[in-house]
Amino acid sequence: MSIDGGNADARGLGEFAPFGRPAGAFSRRSFLVGSAVSLGALGLAGCASGGMTLAEAQKVYGPVPDEKFPIPAVDVSKVNPKYYRRTVQYETNEEPGTIIVDPSNYYVYRVDGENSATRYGANVGRQGFLWSGDAYVGRKGEWAIWTPPKEMIQRQPEAAKYAGGMPGGLDNPLGARTLYLYQNGTYTLYTIYATSIPETIGSGITSGCVGLLSQDMIDLYDRTPVNTKVVVLPA
């Protein structure tokens, strides 16, 4: 993804393709899931070391009505329970607050300290688009504008209507919150973003970006200041 004046393209997210929608329909679901298919107020409540029950997950991943664009509840039946948010024992030499992405296991960790971390289920880059290394959060965005890259418009003319930018909203590929990853002062084209498509969690669908359920992404976003270190482990 590239960013300019608050706009971001979704080069790192994946390719657009229809997903159970009429021809010509352009949606966040079809954008994020299509190519992959073809191949909260409660915070950490209920996130004990043993994991959440279904009832607890339904509360943690319930609707978020006070957002600029109210976020619907997650259909948690479409998420493997091992990807529900939870506090886990996690030994690392990284400082508290550091974000660690484990693409092999589809997890994102936020180091809490004292050998503890908050763990979130994630979607990650598909085969051929995985990457690893250190970065940092160079910028944060709420309900960011998305602009498709020229290459996508050439392949998929239906995206041309968003050449000037798609306003933030529930159908915007970047979702409710976005953390933009930088290295040496330069935007990497990768983000950690919010998804409301539960079936993507635990899969490789993007071109290198990392997606969390919207409720998890809001939790991580609120706890992550600019300049936070991000470590992406080898897949």
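Residues numbered from 1 in each chain as written. Predicted model: local features only at pLDDT ≥ 70, side-chain atom pairs only at ≥ 80, totals over all residues. Heavy atoms only, no water.

A. Structural context of unusual backbone geometry. At Asn115, a position not held by glycine, the phi torsion is positive, near 60 degrees. As for its position among the elements, Asn115 is in the loop between strand E5 (107–113) and strand E6 (116–121). Within the chain, Trp143 stands out as a residue other than glycine whose phi angle is a positive 50 degrees. Within the fold, Trp143 resides in the loop between strand E8 (133–142) and strand E9 (145–146). (Helix = DSSP H or I, 4+ residues; strand = E, 2+ residues; numbered from the N terminus.)

B. Layout of the sheet that holds E8. Reading across the sheet, the nine strands line up as E3-E6-E5-E4-E14-E8-E10-E11-E13 and stay open at both edges, with mixed pairing between neighbours. Either end of the sheet is taken by a strand with one partner, and the two such strands are strand E3 (86–89) and strand E13 (210–213). Pairwise comparison of adjacent strand axes, ignoring direction, gives a mean angle of 30 degrees for this sheet. (Pairing = 2+ DSSP bridges. Axes fitted to C-alpha atoms, helices over the stretch in contact; angles between N-to-C directions.)

C. View of the packing of aromatic side chains. Considering all chains together, one arrives at ten aromatic pairs under this definition. Ring centres of Trp146 and Tyr162 lie 6.2 Å apart, and the angle between their planes is 50 degrees; on these two criteria the pair is classed as tilted. Highlighted residues: Trp146 in strand E9 and Tyr162 in the loop between helix H3 (150–155) and strand E10 (177–183), separated in sequence by 16 residues. Summarising the burial analysis for this pair, Trp146 and Tyr162 share the class buried. Among the aromatic side chains, those forming a connected cluster through ring pairs are Tyr83, Tyr90, Tyr107 and Tyr109. It is Lys140 that lies over the ring of Tyr221; its NZ or CZ is 4.2 Å from the centre. The aromatic ring of Tyr221 is capped on one face by Arg177, whose charged end is 5.5 Å from the ring centroid. (Phe/Tyr/Trp six-rings, centres within 6.5 Å; stacked < 30°, edge-to-face > 60°. Buried < 20%, exposed > 50% of the residue type's maximum accessible area, 1.4 Å probe, protein only. Lys NZ or Arg CZ within 6 Å of the ring centre and 35° of its normal.)

D. The pattern of salt bridges, seen in detail. Using the criterion set out here, one finds nine salt bridges in the structure. Arg177 serves as the salt-bridge partner of Glu67, at 2.7 Å between the closest nitrogen and oxygen. With Glu67 in the loop between helix H2 (54–60) and E3 and Arg177 in strand E10, this residue pair connects regions lying 110 residues apart in the sequence. Notably, a salt bridge pairs Arg223 with Asp219, separated by 3.4 Å at the nearest N-O pair. Residue Asp219 is classed as buried on the basis of its relative accessible area of 11%. One network of salt bridges, with partners in common, ties together Arg85, Arg110, Asp112, Asp216, Asp219 and Arg223. (Salt bridge = Lys/Arg side-chain N within 4 Å of Asp/Glu carboxyl O.)

E. Here's a closer look at the pairing of strand E11 (residues 186–195). Among the ten residues that make up E11, seven are buried, leaving the element largely enclosed by the rest of the structure. Alignment of E10 against E11, held across five bridges, turns out to be antiparallel. Directly across from Tyr182, in E11, lies its bridge partner Tyr187. Counted between consecutive antiparallel strands, the loop separating E10 from E11 contains two residues, among which Asn184 sits at a positive phi close to 50 degrees. Examined bridge by bridge, E11 and E13 share four bridges and lie parallel to one another. Opposite Ala194, over in E13, you have Leu212 as the bridge partner.

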